[in-house]
Amino acid sequence: MHLTNLSIATMVNGYGLIEKGAVLIEKGVIKSVGPDTPKGTTIDCGGRLLTPGLIDCHTHLVYGGNRAAEFEQRLNGATYADIATAGGGIMSTVRATRAASEAELLESALRRLESLLAEGVTTIEIKSGYGLDVETEVKMLKVARTLGTLRPVDVKTTFLGAHTFPHEFREDHEAYLKIVCDQALPRVAGEGLADAVDAFCEGIAFSVEETRTVFKAARAFNLPVKLHAEQLSNLGGAKMAARFKALSVDHIEYLDEEGVESISKSGTVAVLLPGAFYYLREKQAPPVAELRRHKVPVAIATDLNPGSSPVHSLLATMNMACVLFGLTPEEALLGVTANAARALGLKDRGTIAVGQKADLALWDVKRPGDLAYPLGFNPLAAVIRNGEIIKGTLP
Ligand code: NIG
Ligand code: FE
């Protein structure tokens, strides 16, 4: 397939824009990219914008139940932490997810996945973490894997058994840590159900020490780690995660300069989640200036989940990252392409370059800056995955 008359945001060094460019795809891989060299059969794309397929590198897409009532409670004065402490929050979704069948989880997750795919997503990360017992964690990860067989999308799974302490283990953290490290992890790793391991390091969840225990166990199975860190307070989780060469630290509104320095040294990606910031009406934005100063790669993701971020649009997330955190539209696009790939440890995607997987999105816009600009408008024209058109038509 030879596409011509494109504006190509290669995402190599920023936009890496090639005006009037062409891309040759062979066997699902990008064979050449550069200024127009029309020979042979070509497809004229009418000057449309081509980007890498979008990557949502942090979601909790698989879950049971609904938490709209908590949205109302928060707007009546309760905080996210109050609700969690009273047994709602994550635990409320845990109860609903435990009660749901695999088929029910699959059906509701498919619906949500469709929303993301409609905006050019070709790779998505999905976490467990609403089971908090071995069987339900396994059930969630299986559903996540199945999603990737039912729709044209690559699913990367993350084991998040350390999302919070289930109520039955509220007084005995050690016992739950044993379940996570000695029962769930060996099973999940043994069955090849997880590509990474995550934890929620926060006052209402796991301490830095407890998280370290989980990370040690993950590394023993050769699984890379990532962390929900410094979302509501600065515990130093990101700094500890850097010692494990974490793929990413996510949220990080309260990360201090020392923390930024350590993740800069470890090559860890900072994943910003403006959806959660928006829904929880947080006041403290992540340290964007420091991240820039220390040249930390920044990704952004929906954090799609029923509690803190019922956000089903990566384009809207890009816009929120610009408006709420002051990212430039270029940083926002890097955040859902090149840097999102990096946050998942994927080297074969996220840019348009020779040898990269041909996962591409074609947009009815002329400039890459147009993608983060509107809210609630979807200019997607077509999606190519592994070199095949899976959505829309090429002109
Ligand atoms: O990324 N911060 C922790 N976990 C999720 C929210 C989970 C929930 O509230 O259900 C997050 O925001
Ligand atoms: Fe999350």
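Residues numbered from 1 in each chain as written. Chains lettered and ligands numbered in written order. Predicted model: local features only at pLDDT ≥ 70, side-chain atom pairs only at ≥ 80, totals over all residues. Heavy atoms only, no water.

**Examining the coordination of the iron ion (ligand 2)**
In a perfect tetrahedron of four donors around a metal, the angles come out at 109.5 degrees. In a perfect octahedron of six, they are 90 or 180 degrees.
And step 1. All of the protein donors around the iron ion (ligand 2) are H58 (NE2), H60 (NE2), H228 (NE2) and D303 (OD); their distances to the metal are 2.1 to 2.3 Å.
And step 2. In terms of primary sequence, the donors binding the iron ion (ligand 2) are separated according to H-x1-H-x167-H-x74-D. Pair noted here: H60 is in the loop between β6 (54-56) and α1 (68-75) and D303 is in the loop between β13 (298-300) and α12 (314-325), with a separation of 243 residues, a long-range link.
And step 3. Since its relative accessible area comes to 2%, H60 is described here as buried. (Donors = N, O, S within 2.8 Å, 3.2 Å for Na, K, Ca; no water. Helix = DSSP H or I, 4+ residues; strand = E, 2+ residues; numbered from the N terminus. Buried < 20%, exposed > 50% of the residue type's maximum accessible area, 1.4 Å probe, protein only.)

**As for the environment of V180**
And step 1. Position of V180 relative to the elements: it lies in helix α6 (residues 173-190).
And step 2. Placed 21 residues apart in sequence, V180 and F159 show a C-alpha to C-alpha distance of 9.7 Å.
And step 3. Those residues in contact with V180 that lie beyond four places of it in its chain are F159, G161, L185, P186 and V214. (Contact = heavy atoms within 4.5 Å.)

**Description of the side chain of T337**
And step 1. Position of T337 among the secondary structure elements: in the loop between α13 (329-335) and α14 (338-343).
And step 2. A relative accessible area of 0% places T337 in the buried class.
And step 3. At 2.7 Å, the side chain of T337 forms a polar contact with the backbone oxygen of L333.
And step 4. The contact partners of T337, leaving out residues within four places of it in the chain, are M11, P52, G53, L54, I55 and G350. (Polar contact = N/O pair within 3.5 Å; in protein donor to acceptor, adjacent residues only side chain to side chain.)

**Considering the site of ligand 1**
And step 1. Lining the immediate surroundings of ligand 1 are 15 residues, of which R67, Y80, Y130, H163 and S308 lie closest.
And step 2. D303 is positioned with one of its side-chain polar atoms (N or O) 2.9 Å from an oxygen atom of ligand 1.
And step 3. S308 has a polar side-chain atom sitting 2.5 Å from an oxygen atom of ligand 1.
And step 4. Protein chains bury 100% of the 320 Å² of accessible surface belonging to ligand 1 in isolation. (Near = heavy atom within 4 Å. Areas by Shrake-Rupley, 256 points an atom, 1.4 Å probe, with all protein chains shown as cover.)

**A word on the domain arrangement of the chain**
And step 1. Assigned domains of the chain: these are domain 1 (2-52 + 351-392) and domain 2 (54-343).
And step 2. Between the C-alpha centres of domain 1 and domain 2 the distance comes to 30 Å.
And step 3. Taken together, the contact between domain 1 and domain 2 spans 27 residues of the former and 21 residues of the latter.
And step 4. Of the roughly 1900 Å² buried between domain 1 and domain 2, counting both surfaces, carbon and sulfur atoms make up 66%.
And step 5. The largest share of the area that domain 1 buries against domain 2 comes from M11, A372 and R385, three residues that together contribute 27% of it.
And step 6. Summed over the shared surface of domain 1 and domain 2, the number is two salt bridges.
And step 7. Between D154 and R385 there is a salt bridge whose closest N-O contact spans 2.5 Å.
And step 8. Taken together, the links from domain 1 to domain 2 amount to seven residue pairs in polar contact (both at pLDDT 80 or more).
And step 9. Counting only elements with at least two residues in the side of domain 1 that touches domain 2, the list comes to β5 (49-52), β14 (360-363), β15 (380-385) and β16 (388-392).
And step 10. A per-element tally of the side of domain 1 that touches domain 2 places β15 first, with four residues.
And step 11. Here the side of domain 1 that touches domain 2 is built from residues that sort into 18 nonpolar, five polar and four charged. (Domains from an automatic or database assignment. Buried area = accessible area lost by both parts, 1.4 Å probe. Salt bridge = Lys/Arg side-chain N within 4 Å of Asp/Glu carboxyl O. Nonpolar A, V, L, I, M, F, W, Y, C, P; charged D, E, K, R; others polar.)

**Considerations on the pattern of salt bridges**
And step 1. By the definition in use, this model includes 23 salt bridges.
And step 2. We note a salt bridge from R293 to E257, for which the minimum N-O separation is 2.7 Å. Of this pair, R293 sits in helix α11 (residues 288-293) while E257 sits in helix α9 (residues 257-266); the two residues are 36 residues apart in sequence, bridging distant segments of the chain.
And step 3. Where K357 meets D359, a salt bridge forms, and the shortest distance between an N and an O atom there is 2.8 Å. The same class applies to K357 as to D359, namely buried.

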